[in-house]
Structure formats: C-alpha cells, structure tokens
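# Geometric and topological summary
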Amino acid sequence: MGTAFQRKAAARVSEGGGLRLIIRLARQPAWLIGIAGVIGAALFQALALANGPLSLVQPLFILELPFALMIAVPLLHRRLSRAGWQAVAGVVAGLGLVLLSAAPSGARSDASMARWIPVLILCLGTVAAAVVVARPGRPPLFRAAVLGTASAISNALTAALLKSAVGTLDDDGFVAFLGVWQTYGFALTGIAAVLLLENALQAGPLAASQPALTIGDATLSLVLGVTLFDETIRTGWWLLPELIGAGLVLWGVPRLTRVVPHLADMAH
C-alpha cells in the first residue's frame, strides 16, 4: 500500500531531486499515506527479522511489486492485463520455489565488527558512487536504474542493521537497544533508502528502477545473511530448483514493469 501511494505521488512531481523533492512530496496526501504504509511495513519487518533469518525475510519483499501493482491498478482506475496476471503468477511461483528449495535457516542476530566493517565499506561506498554517477543530466533510464540499485543496497543494509538491533532488544532490553550503534545505523540507512527510492522513481520509468530495486534487495540480503549471521541455504541438487525459481522471478519482474503502464501514465 505504501509503495502504491508513494509512486502515485512521485509521478506528479516532474522536476527536482534530493531533499527538495521530499519537501514537495510531503505536501501531497497520497505521499503521506504512503509513508504511513512504509512505517507499518517497517514494524512488521522488525518482528519478522526478530523471528527469522535475514535470508528468508528480505526475499519475501519481492512480493511487494505484484502487491503494489494490484493495489495501484484499481487505485488509478486501471485493469491488470492477462500478461500482467501471468507475470504475477510467475513471480509468486518462482519466489516460492526458491525459498522452499533453499530453506534459509539461522538463529543469530549478532556479528563481529570484523564482519561489519568490510560490509559497511562496500555497501556505503557503492551507494555513494551510485549517487555521484547518477547525477542530473544523465539519461533517465540510466539514472533510475542506478538509483534503484543504490536504494536496494540501502534497504538490504538497513535490514541487516535492523536485525542486529532487534536481536539486542529481544535479548537485553530497550536500554541496550538504545546503546548499540546498529540502532542509529538502520535509522540513517533507512532514511537514505527512502530518499534514493523517491529520486529513482522521479528520475525515470518504473521499468528501469524496479527490477534493480526488487531483485537487488533480495540478492544482497541473502548474501548479508550468510556472511554476517552465518545463515545457511541448501545447495547440491537443490540448486537446480533454486535456479529455476530465480529464473521465473527474473522473467516476471521486468515483465510486470512492462505490461503495467509507466508510472507517469498511470498517475494521469
């Protein structure tokens, strides 16, 4: 719900970027409803991360795209085509096959600084480079894809930091939660992810930003779960159905963004 309303609001802003874009969006009721949805999603995400591995929780966010489109289409008085429903089925079936085959598992929520430091350097460095590369004046498709990728990286890093902080809250209480750096880290990276998302949506068509955002978040979260929290997934012959499922997702996500009208067209 939050994503659908955010996209509706972002499509109405034709110029500008950065904080000025957020200021203009904040004047729109649709954007405020969208942010309320994002906050609600964050609360449920925290509960999910407290009870399950990062490599299981974050890939479920792939379902955000089909749900967002199914909400946005009636919201904007449109209909989802037959090809659109086929793409939705492909994404859902593919994700289900990946998760059932991989069976992500793991109960840790803590990681040493020796693991956190290279992760932070790589993730934050890549995001900074993406912001520089996607400066105004570059082609809209390129800017949207690069900023969408940066938002995906920020989302995955936010989820990892959130899992660590919520683990501290669950184990040691609220005072300890306020005393760990991960609590303030996920707040900062979460804000950065929202800013990057809004700018990605405003920079170019959904077909450019959404595949990078959806697939990038899930993939990096799986990697972070394994490298930071020692989470495990099944390998061996299980890789075959995992690859088939991933192929369905990779087929369905770009198809969804093509069969549904571009964001600017949907908003008018």
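Our subject is the structure listed above.
Residues numbered from 1 in each chain as written. Predicted model: local features only at pLDDT ≥ 70, side-chain atom pairs only at ≥ 80, totals over all residues. Heavy atoms only, no water.

It is possible for side chains of opposite charge to pair when their charged atoms get near one another. Evaluated as defined, the whole model comprises three salt bridges. Of the charged contacts, one joins arginine 108 and aspartate 110 as a salt bridge, the two residues approaching to 3.6 Å between their closest N and O atoms. Given a relative accessible area of 46%, aspartate 110 falls into the partly exposed group. For arginine 115, the salt bridge goes to aspartate 230, with nearest N and O atoms at 2.9 Å. Of the two residues, arginine 115 sits in helix H7 (residues 113–133) while aspartate 230 sits in the loop between helix H11 (206–229) and helix H12 (239–259), which places them 115 residues apart along the sequence. Each of the salt bridges in this network shares a partner with another, and the network as a whole consists of Arg108, Asp110, Arg115 and Asp230. (Salt bridge = Lys/Arg side-chain N within 4 Å of Asp/Glu carboxyl O. Buried < 20%, exposed > 50% of the residue type's maximum accessible area, 1.4 Å probe, protein only. Helix = DSSP H or I, 4+ residues; strand = E, 2+ residues; numbered from the N terminus.)

A separate point is the nonpolar core. Counting residues in hydrophobic clusters, the biggest one holds 32 residues, and the most contacted among them are Leu54, Trp116, Leu157, Ala160, Leu224, Leu228 and Phe229. Elements that contribute at least two residues to this core include exactly helix H3 (29–51), helix H4 (54–57), H7, helix H8 (140–172), helix H10 (181–203) and H11. The greatest single-element share of this core, amounting to twelve residues, is contributed by H8. In this structure, tryptophan 116 is in contact with Ala111, Leu157, Ala160, Leu161, Ser164, Trp181, Gln182, Leu228 and Phe229, ignoring residues within four places of it in sequence. Val91, Leu95, Leu197 and Leu201 belong to the second largest nonpolar core, which has 20 residues in total. (Core = buried A, V, L, I, M, F, W, Y, C linked by side-chain atoms within 4.5 Å. Contact = heavy atoms within 4.5 Å.)

Take the packing of aromatic side chains next. Throughout the structure, instances matching the rule amount to four aromatic pairs. These aromatic residues form a ring-pair network of at least three members: Trp116, Trp181 and Phe229. In this arrangement the basic side chain of arginine 234 is found over the ring face of tryptophan 238, its NZ or CZ atom lying 3.6 Å from the centre. (Phe/Tyr/Trp six-rings, centres within 6.5 Å; stacked < 30°, edge-to-face > 60°. Lys NZ or Arg CZ within 6 Å of the ring centre and 35° of its normal.)

Geometric descriptors of this kind do not, in isolation, establish any biological role.
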